[in-house]
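# Structural features, examined
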Amino acid sequence: MGSASTLDRCTCFSDASWFGSGPNSLLELLSRTSSELSERHSKAEEHGLEQMALFLVDGRNDLMSIGEEGGRAHSELRDLFRAIVQNRLLSKAYRLLPTDSDCAPPSCILRVLQCTRLFLRDQRFVKELVTIDGSVSALGKKYEDYASLLFAESNGEPSTGGREKLCFEILSEIASIFKKLASDRTACPWHLLVDCDAHRTSIALISVQEPSLLASALMTLSSISSRSEESAAIIGQLGCVDRLLIILREYDSAFQHLASALLQSICKVKEIRRKTQNTGGVYITLGLLSRKTPAAALESFLCLFRCLLSERSAVAEALSNGAVPILLAMLMPISTSCMNATDPRICDPAVTCLICSVLSKLAAEDEGALQIRRCGGVYLLGRLLTDTHALRVRKRWENIFQSMFEIQTHAFRALRFVFSAECNRKMFKCIFPADLYESFIDVGNYQHDVEKYRHLAHDWCEMTSELVHNSLSALEDTNLNHGNHHSGSQRIINGYIVTEIIGAGAFGCVHRVFKTRSITSQYAMKELDPGVEKLIFGESPDEITASVGRVAMEVQIFSQLDHPNIVKYYESFKEGGRLYIIMVRSCIIY
């Protein structure tokens with residue numbers, strides 16, 4: 001075959017038709033070693049690979065529709081793929097580093113890898129790749145080599161002769177290939193990826209700043225570690241916990257989500273879970289919990305947090321850092337009326353179920369159950385039951401039936417764990433009808449299996465609206481009798497969740513509070529109302545203004561004092577006509 005005819009036939013790729021002369025011409029070129037190709041042939045091959053990549057992008061649906069026994073079509077695609085892998089990726093020229101004079105041109109390597117990645121979007125070609133001896137290990141070596149080049153260049157070592165951009169693109173393609181291989185649990189066994197050290201290279205790459213590389217490395221590691229406890233232990237023992245926690249602290253929600261998913265997988269191993277807790281995992285994860293977080297990321301954070309709470313010491317740490325009010329704040333209704341389709345509790349049912357699940361973990365300790373009751377948790381969990389019942393009665397949408405049922409099941413479990421603490425049982429007596437209350441008790445204390453609560457949710461669904469309304473009234477009465485705010489809504493003042501009154505004095509009441517987004521400690525909030533405390537602040541507007549000024553001056557002086565025997569000032573502000581002074585936890589008397 002002359003070079004002119006070869007080149008001419010390769011241009012047939014431009015018509016996006018796979019089954020003409022173009023693929024055969026490319027296959028002829030790929031069947032030769034790269035050293036046998038003239039410059040013209042090399043350009044023809046590069047052009048053919050480029051056209052093939054375009055087809056694989058534009059014609060993905062056509063590619064996926066070709067059957068396993070698709071005759072000529074499938075045979076041509078398989079032959080092309082095998083030629084790319086065996087005659088290019090596995091060849092000596094393609095294995096060498098770009099610093100070697102005998103290395104294939106980086107642009108050719110890039111085209112070959114791009115086509116390989118695009119082929120692998122079809123699982124049949126993942127299986128094909130795995131059957132080719134040495135293919136995965138060769139990719140693993142190339143992954144390591146190009147990652148080493150990246151780090152060498154970042155450390156100021158000699159560059160690859162102006163080809164840094166191409167080398168970076170090559171590394172990105174290899175990282176994407178391993179991301180795909182790791183995600184295919186059926187076609188690619190995880191030990192193949194570990195045997196070629198792809199996991200070690202990915203661990204190294206989670207320290208880079210480049211978004212696509214970081215994302216690919218995190219997803220590869222997460223997929224490998226999720227395969228089994230053995231694979232999770234292998235990943236976790238490579239010392240990635242500290243770096244993942246930095247990502248959770250400092251990166252945006254997309255990368256936090258990926259890091260959280262990886263941590264969740266490796267924290268199934270007890271030693272890694274303890275390592276994560278000891279390096280601030282509970283503290284950091286708790287600080288990420290907010291309904292303002294995108295639902296998918298929040299779901300991942302809650303799963304990680306629940307996993308960490310498998311350790312009793314982690315539960316104690318979470319309770320001391322305000323986990324209960326932070327979680328309950330996410331269960332607060334958006335209005336005093338019934339739940340509607342915009343309520344985040346129903347918009348993200350998986351998140352709501354996870355919040356209930358985490359509360360159950362915390363309530364397994366008496367201190368956690370007590371905090372849930374004191375923060376109005378019984379009311380808020382009860383509102384989940386009454387609101388979801390009302391929504392189902394009003395809408396009767398089949399697509400929300402299962403979601404509502406799951407929320408109710410998880411809410412019942414959380415309530416039953418709170419009830420298991422003896423100090424909380426009295427307030428439950430009037431909440432449920434007698435038959436349901438009896439079934440509620442019969443479940444038993446601290447039963448983690450959620451299946452044991454489904455019959456309670458089923459019975460609740462069958463209750464009449466009148467009985468549910470009676471339960472809501474009982475919840476509201478109980479809530480008021482225990483000193484919580486009306487309608488179960490915790491007060492949030494200037495970013496502080498107000499829980500219980502812990503003292504009172506001449507200048508007003510002192511509340512225990514938590515910050516909604518910062519969990520460094522608990523605080524004491526002194527609340528002063530100039531309009532009520534007339535003996536202190538005076539009656540006329542001028543007298544009140546002067547008194548407020550004196551208090552503000554005293555607060556400023558107070559803020560400058562630092563002594564172990566003086567309650568430490570944190571901040572002060574004015575809101576709704578009232579003055580508030582925040583003091584650190586050391587002043588709180590238990």
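All residue numbers here refer to positions counted from 1 along the written sequence of the relevant chain. Local features in this predicted model are restricted to residues of pLDDT 70 or higher, and side-chain atom pairs are both shown and tallied only at a pLDDT of 80 or more, whereas totals for entire chains, interfaces and linings draw on every residue. Heavy atoms from the whole structure form the basis of all side-chain values; hydrogens and water molecules are not counted.

## Quick word on the overall build of the protein
Put simply, the rule reads: Put simply, DSSP H or I for four residues or longer makes a helix, DSSP E for two residues or longer makes a strand, and each gets a number counted from the N terminus. Any two residues whose heavy atoms approach within 4.5 Å at even a single point are treated as in contact.
A tally of regular secondary structure across the protein gives 31 helices and six strands. Considering only residue pairs separated by 6 or more positions, the protein has 70% of its internal contacts joining residues 24 or more positions apart.

## With respect to unusual backbone geometry
Phi at Asp197 is positive, roughly 65 degrees, even though this residue is not glycine. Relative to the helices and strands, Asp197 is located in the loop between helix 11 (190-195) and helix 12 (198-205).

## Considerations on the environment of Phe401
Selection criterion: Relative accessibility under 20% of the residue-type maximum defines a buried residue, over 50% an exposed one, and the middle range a partly exposed one, all with a 1.4 Å probe and only protein chains included.
Relative to the helices and strands, Phe401 is located in helix 26 (residues 398-420). Given a relative accessible area of 35%, Phe401 falls into the partly exposed group. Sequence separation between Phe401 and Leu391 is 10 residues, and the spatial gap between their C-alpha atoms is 9.6 Å.

## Observations concerning the packing of aromatic side chains
How we decide: By convention, a stacked pair of Phe, Tyr or Trp rings (six-membered ring in the case of Trp) has centres within 6.5 Å and planes under 30 degrees apart, an edge-to-face pair has planes over 60 apart, and any other such pair is tilted.
Going through the model one piece at a time under the given rule, you end up with 19 aromatic pairs. Geometrically, the ring pair formed by Phe432 and Trp460 is edge-to-face, given 6.2 Å between the ring centres and 85 degrees between the ring planes. Note that Phe432 is positioned in the loop between helix 26 and helix 27 (434-442) and Trp460 in helix 28 (residues 454-462), a separation of 28 residues in sequence. For Phe432, a relative accessible area of 6% corresponds to the buried category.

## As for the nonpolar core
The line we're drawing: Take the buried residues of types Ala, Val, Leu, Ile, Met, Phe, Trp, Tyr and Cys, join any two whose side-chain atoms come within 4.5 Å, and each joined set is a nonpolar core.
Core analysis: the biggest nonpolar cluster contains 161 residues, and Phe178, Leu244, Leu289, Leu362, Phe412, Phe428 and Phe432 have the highest contact counts within it. With 11 residues, the single largest contributor to this core is helix 26. When neighbours within four sequence positions are excluded, Phe178 is seen to be in contact with Val136, Leu139, Gly140, Tyr143, Leu193, Cys196, Ala198 and Thr220. Counting nine residues, the second largest nonpolar core, distinct from the first, contains Tyr496, Val498, Met525 and Tyr580.

## Points about the side chain of Arg124
For the record, the criterion: For the purposes of these results, a polar contact is taken to be a pair of N or O atoms within 3.5 Å, where, inside protein, one atom must be able to donate a hydrogen and its partner to accept one; residues adjacent in sequence count only when each atom of the pair is a side-chain atom.
Along the chain, the position of Arg124 falls in helix 8 (residues 123-131). Within the structure, the side chain of Arg124 is placed 2.5 Å from the side chain of Asp122, a separation counted as a polar contact.

## Quick look at the pattern of salt bridges
In plain terms, the rule: For this document, the term salt bridge refers to a Lys or Arg side-chain nitrogen within 4 Å of an Asp or Glu carboxyl oxygen.
Evaluated as defined, the whole model comprises 19 salt bridges. Between Arg117 and Glu173 there is a salt bridge, with the nearest N and O atoms lying 2.5 Å from each other. Taken together, the residues Arg117 in helix 7 (residues 106-119) and Glu173 in helix 10 (residues 164-183) connect sequence positions 56 residues apart. For Glu173, a relative accessible area of 10% puts it in the buried group. Between Asp122 and Arg124 there is a salt bridge whose closest N-O contact spans 2.5 Å. Looking at Arg124, the relative accessible area reads 13%, which means it is buried. Because the salt bridges share partners, they merge into one network encompassing Asp343, Arg345, Arg383 and Asp387.

## Remarks on the confidence of the model for the protein
Should pLDDT be low for a region, the predicted coordinates there are not to be read in detail. Note the threshold: The quantity known as pLDDT measures the predictor's confidence residue by residue, on a range of 0 to 100.
On average, residues of the protein carry a pLDDT of 82, and 78% of them reach 70 or more. A low-confidence stretch, residues 1-21 stays under pLDDT 50, and its non-local contacts, those more than four residues away or across chains, total 45 contacts. Here residues 586-590 is a poorly scored stretch, pLDDT under 50, and it has 10 contacts once near neighbours within four places are set aside; other chains count.

## A short note on helix 19 (residues 295-308)
What counts, and what does not: Expected span of a helix, by definition, is 1.5 Å for each gap between consecutive residues, and there is one gap fewer than residues.
Compared with an ideal rise of 1.5 Å per residue, which puts 14 residues at 20 Å, helix 19 spans 20 Å between its outermost C-alpha atoms and is within 8% of the ideal. Counting buried positions along helix 19 yields 10 of 14 residues, so the element is predominantly enclosed. Buried within helix 19 are the following residues: Ala297, Leu298, Ser300, Phe301, Leu302, Cys303, Leu304, Phe305, Cys307 and Leu308.

## Some remarks on the pairing of strand 6 (residues 578-584)
Selection criterion: Two strands pair under a simple rule: DSSP has to find at least two bridges between them.
Where burial is concerned, most of strand 6 is hidden: six out of the seven residues are buried. Judged from the six bridges that link them, strand 4 (residues 522-528) and strand 6 form a sheet pairing that is antiparallel. Bridge pairing in strand 6 links Glu527 to Tyr580. Two strands pair when backbone bridges link them, and strand 5 (residues 569-575) and strand 6 are joined in this way by six bridges, in the antiparallel orientation. Across the sheet, the residue bridging to Glu571 is Ile582, located in strand 6. Between the end of strand 5 and the start of strand 6, which pair antiparallel, lie two residues, with Gly576 showing a positive phi angle near 60 degrees.

## A short note on a negative patch on the surface
Worth spelling out the cut-off: Exposure above 30% relative accessible area and no salt bridge define the residues that can form patches, which grow by joining like charges within 9 Å and nonpolar side chains of Val, Leu, Ile, Met, Phe, Trp and Tyr within 5 Å. Using the Shrake-Rupley algorithm and a 1.4 Å probe, accessible areas are obtained, with residue cover drawn only from the displayed protein chains. Residues counted as positive are Lys and Arg, residues counted as negative are Asp and Glu, and His and the chain ends are not counted. Here the site of a charge means atom NZ of a Lys, CZ of an Arg, CG of an Asp or CD of a Glu.
A cluster of acidic residues, Asp435, Glu438, Asp442, Asp459 and Glu462, forms a negative patch at the surface. For the negative patch, the secondary structure elements donating two or more residues are helix 27 and helix 28. The leading source of residues in the negative patch is helix 27, at three residues. Examined against the element boundaries, Glu438 turns out to sit in helix 27.

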